[in-house]
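Chain by chain, the residues:
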Amino acid sequence: MTTKSKFDDATGAVHLGRDPHANSGFVNPPVFRGSTVLFPTLAALKARSQPFTYGRRATPTTVALTDALAALDGAAASVLTCSGLQAVTAALLAFVRAGDSILMVDTVYQPTRKFCDTTLKTMGVETIYYDPLIGAGIAGLIRPDTRLVFTESPGSQTFEMQDIPAIAAVTREKGIWLLMDNTWASPLLFKPLAHGVDVSIQAATKYIVGHADAMLGVISGNERAAPHLDRVKEAFGLCPGSEETYLGLRGLRTLDVRLRRHHTSGIEIAEWLAQRPEVARVIHPALPSHPGHAVWKRDFNGASGLFAFTLNPVPEAALAAFVDHLELFGMGFSWGGYESLILPFDPRSYRSATTWSEPGPALRIHIGLETVEDLKRDLAAGFDRLNAAR
Ligand SMILES: *Cc1c(COP(=O)(O)O)cnc(C)c1O
């Protein structure tokens, strides 16, 4: 049965997975910490009929978050994991068998690619990388041994938009699985399952937790996928810690309002960057200049705060002068928290089906919840340092 929220998403994010009057009236549910769950009688032990039987399987805390996320994803079942990467790898392992091949988007999150090239390879599963812009052309790559198509849109670091409905039409017709890493959008800005995807994956570490203070993942599947996800959950003992699960619940309550701010501030900074003489290209799906803008506009409800831009060629020392002394933008991995981040990247060593030919340095930027004018001032001072150092 698909859990469908009767609420609009913003209301659902606030109210789903909470029952204050079952918890002495307190607004937030308590954090259940536990392994052993006691059975009152031998008959109860044999029947296993009580709602909770062992901490690894479920606690009221994990059920609260899985129920809320399943409703927001329009999923038949959701499974929580210890990280976004664990959500990706467990979802893949739920479907592949030795001798299969999979079609993996070339612009996938780099550790996903590494998992395919190492673990899946040793298991006898072949990975074939495809161009994110392939759309319905994916049909031409499907072989008798193709088990699934994996998508991530927009692409990691380079933000290519995939035509998910076109790919879904093909996978449905061919009877193979379609998976999507939907971390950039969260279930509030894009609904993979409503667009024909079988399994939606989130690094909840990013926008759902939203405060850079916990690692968490979630896999949501439709009716057909749910038994496979349940099996992999049981097999791997997938169970994030109580504290992390609670932080996911707490982050969820403000997800809608945070994403709205990330959306408007992100677009404002993207447009500002596009005017800077030091910037060669701004890569943001919500800008009309983005090649995938029409797809984004058709399928997504908004943009999050993560995008990229490239600089006109400068010496490494000038790039360092730009990023080393920023006051508000931190340099580090991950994103989706309340704070702004910046990270130089070069995708050339981890792409095989696409080419990256931007001559200057590329930077991924996360626009946090700070005041936009302060962020612009920080970046402008960085450009001053860059110009002085070249
Ligand atoms: C960060 C990220 C992940 C992995 O999430 P972790 O919680 O860091 O393991 C997976 N996919 C995408 C697109 C990500 O950005």
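Parameters and conventions
Residues numbered from 1 in each chain as written. Predicted model: local features only at pLDDT ≥ 70, side-chain atom pairs only at ≥ 80, totals over all residues. Heavy atoms only, no water. Helix = DSSP H or I, 4+ residues; strand = E, 2+ residues; numbered from the N terminus. Pairing = 2+ DSSP bridges. Axes fitted to C-alpha atoms, helices over the stretch in contact; angles between N-to-C directions. Contact = heavy atoms within 4.5 Å. Buried < 20%, exposed > 50% of the residue type's maximum accessible area, 1.4 Å probe, protein only. Near = heavy atom within 4 Å. Polar contact = N/O pair within 3.5 Å; in protein donor to acceptor, adjacent residues only side chain to side chain. Areas by Shrake-Rupley, 256 points an atom, 1.4 Å probe, with all protein chains shown as cover. 1 Å grid on protein atoms, 1.4 Å probe; cavity = no way out; pocket = protein on both sides within 12 Å on 5 of 7 lines; lining within 4 Å. Sits in = over half its atoms within 2 Å of the grid points. Nonpolar A, V, L, I, M, F, W, Y, C, P; charged D, E, K, R; others polar. Points joined across faces, edges and corners; volume = space filled by probe spheres on them. Parallel < 35°, antiparallel > 145°, perpendicular 65-115°, else oblique. Left-handed = near helix turned anticlockwise from the far one by under 90°. Disulfide = S-S within 2.5 Å. Domains from an automatic or database assignment. Buried area = accessible area lost by both parts, 1.4 Å probe. Salt bridge = Lys/Arg side-chain N within 4 Å of Asp/Glu carboxyl O.

Undergrad: So what exactly am I meant to see when it comes to unusual backbone geometry here?
TA: In terms of backbone geometry, most residues other than glycine have negative phi values and most peptide bonds are trans. Geometrically, the link from Ser153 to Pro154 is a cis peptide bond, its omega value of -5° lying close to zero. Tracing the chain through its elements places Pro154 in the loop between β4 (146–152) and α6 (164–174). Its identity as a non-glycine residue notwithstanding, Ser186 has a phi of 65°, on the positive side. Tracing the chain through its elements places Ser186 in helix α7 (residues 186–189). We note that Ala212 has phi near 55°; this positive angle belongs to a residue other than glycine. Residue placement: Ala212 occurs in the loop between β6 (199–203) and β7 (217–221).

Undergrad: What should I look at first to understand the sheet that holds strand β5 (residues 177–181) in this one?
TA: Strand-to-strand pairing in sheets goes through backbone hydrogen bonds, with the strands running parallel or antiparallel. Pairing is mixed across the open sheet formed by seven strands, whose spatial order is β1-β7-β6-β5-β4-β2-β3. The open sheet has two edge strands with one neighbour each: β1 (77–81) and β3 (126–130). Mean inter-strand twist for the sheet, computed between neighbouring axes without regard to direction, equals 20°. Looking at chain direction, β1 and β7 are connected through five bridges and run antiparallel. Note on β7: the bridge partner recorded for Val79 is Ile219. In the packing of α6 onto the sheet, contacts are made with β4 and β5, and the angle to β5 comes to roughly 155°. Packed onto the sheet, helix α8 (residues 226–236) meets β1, β5, β6 and β7 and runs at close to 25° relative to β1.

Undergrad: It is not clear to me how the sheet that holds strand β10 (residues 341–345) should be interpreted in this structure. Could you clarify?
TA: Pairing is antiparallel across the open sheet formed by four strands, whose spatial order is β8-β9-β11-β10. Strands at the two margins of the open sheet, each flanked by one partner only, are β8 (279–283) and β10. Strand-to-strand twist in this sheet, taken as the mean axis angle between neighbours without regard to direction, amounts to 25°.

Undergrad: Explain the environment of Arg385 here, please?
TA: Relative to the helices and strands, Arg385 is located in helix α13 (residues 372–389). Residue classification places Arg385 among the partly exposed positions, given a relative accessible area of 22%. Residues Arg385 and Val323, spaced 62 residues apart in sequence, show a C-alpha to C-alpha distance of 9.3 Å. Beyond its immediate sequence surroundings of up to four residues, Arg385 is in contact with Ala321, Phe322, His325 and Leu326.

Undergrad: Got a minute to help me understand the site of the ligand in this structure?
TA: Ser83, Gly84, Leu85, Tyr109, Glu152, Asp181, Thr183, Ala203, Thr205, Lys206, Met215 and Trp335 make up every residue found near the ligand. Between Thr205 and the ligand, the recorded distance is 2.5 Å, taken from a side-chain N or O atom to an oxygen atom. The fraction of the free accessible surface of the ligand (380 Å²) that becomes covered by protein chains is 92%. When each cavity is represented as a set of grid points, the ligand is found to reside in the largest pocket. Along the lines of polarity and charge, the residues of the shell around the ligand split into five nonpolar, four polar and three charged.

Undergrad: Just to check I follow, could you spell out the layout of surface pockets for this structure?
TA: Rolling a probe over the atoms, with the probe sized like a water molecule, indicates the empty space that remains. Within this model, the largest pocket holds a volume of roughly 600 Å³. Tyr109, Ser156, Lys206, Trp335 and Arg364 are the residues nearest the centre of the largest pocket, which is lined by 31 residues in total. Mapped by element, the contributors of at least two residues to the lining of the largest pocket are α4 (84–93), α5 (110–122) and β10. In terms of residue class, the lining of the largest pocket is made up of 17 nonpolar, nine polar and five charged.

Undergrad: I would appreciate a short explanation of the side chain of Thr245 in the present structure.
TA: Along the polypeptide, Thr245 turns up in helix α9 (residues 242–253). A distance of 2.8 Å separates a polar side-chain atom of Thr245 from the backbone oxygen of Gly241.

Undergrad: What am I meant to see in the packing of helix α10 (residues 255–274) against α13 here?
TA: The relative placement of two packed helices comes down to the angle between their axes together with the axis-to-axis distance. Between α10 and α13, the shortest axis-to-axis distance is 10 Å and the interhelical angle comes to 30°. Looking at the two axes, α10 sits roughly parallel to α13. Between α10 and α13 the crossing geometry is right-handed. Packed against α10, whose contacting residues are Ser265, Glu268, Ile269, Trp272 and Leu273, the element α13 presents Val372, Glu373, Leu375, Lys376, Leu379, Ala380 and Phe383 at the interface. Grouping the constituent residues of the contact of α10 with α13 by class yields eight nonpolar, one polar and three charged.

Undergrad: Can you help me understand the state of the cysteines in this one?
TA: A covalent bond bridging the sulfur atoms of two cysteines is what the word disulfide describes. Inspection of every chain in the model, using the stated rule, returns zero disulfides. Free cysteine Cys239: the closest other cysteine sulfur is in Cys82, separated by 6.3 Å. Classification of Cys239 as partly exposed rests on a relative accessible area of 31%.

Undergrad: Explanation requested: the environment of Gly84 in the structure shown.
TA: Note on placement: Gly84 falls in helix α4. With a relative accessible area of 9%, Gly84 lands in the buried category. Through-space distance from the C-alpha of Gly84 to that of Leu216 is 6.0 Å; in sequence the pair is 132 residues apart. Non-local contacts of Gly84, meaning those with residues more than four positions away in its chain, are made with Ile201, Gln202, Ala203, Thr205, Leu216 and Gly217.

Undergrad: How should the domain arrangement of the chain be read in this particular structure?
TA: Where the parts come together, the accessible area they lose is often given as the size of the interface. Domain boundaries assigned for the chain yield domain 1 (9–252) and domain 2 (255–388). One C-alpha centre belongs to domain 1, the other to domain 2, and the line joining them spans 27 Å. With 38 residues of domain 1 at the contact, the number on the domain 2 side is 38 residues. Summed over both partners, the interface of domain 1 with domain 2 comes to about 3,400 Å²; 62% of that surface belongs to carbon and sulfur atoms. Together, Gln157, Trp184 and Tyr207 form the three largest contributors to the area buried by domain 1 at its contact with domain 2, with a combined 24%. Here domain 1 is connected to domain 2 by one salt bridge. Here domain 1 and domain 2 share 23 residue pairs in polar contact (both at pLDDT 80 or more) between them. When contributions to the side of domain 1 that touches domain 2 are tallied by element, the ones reaching two or more residues are α5, β3, α7 and α9.

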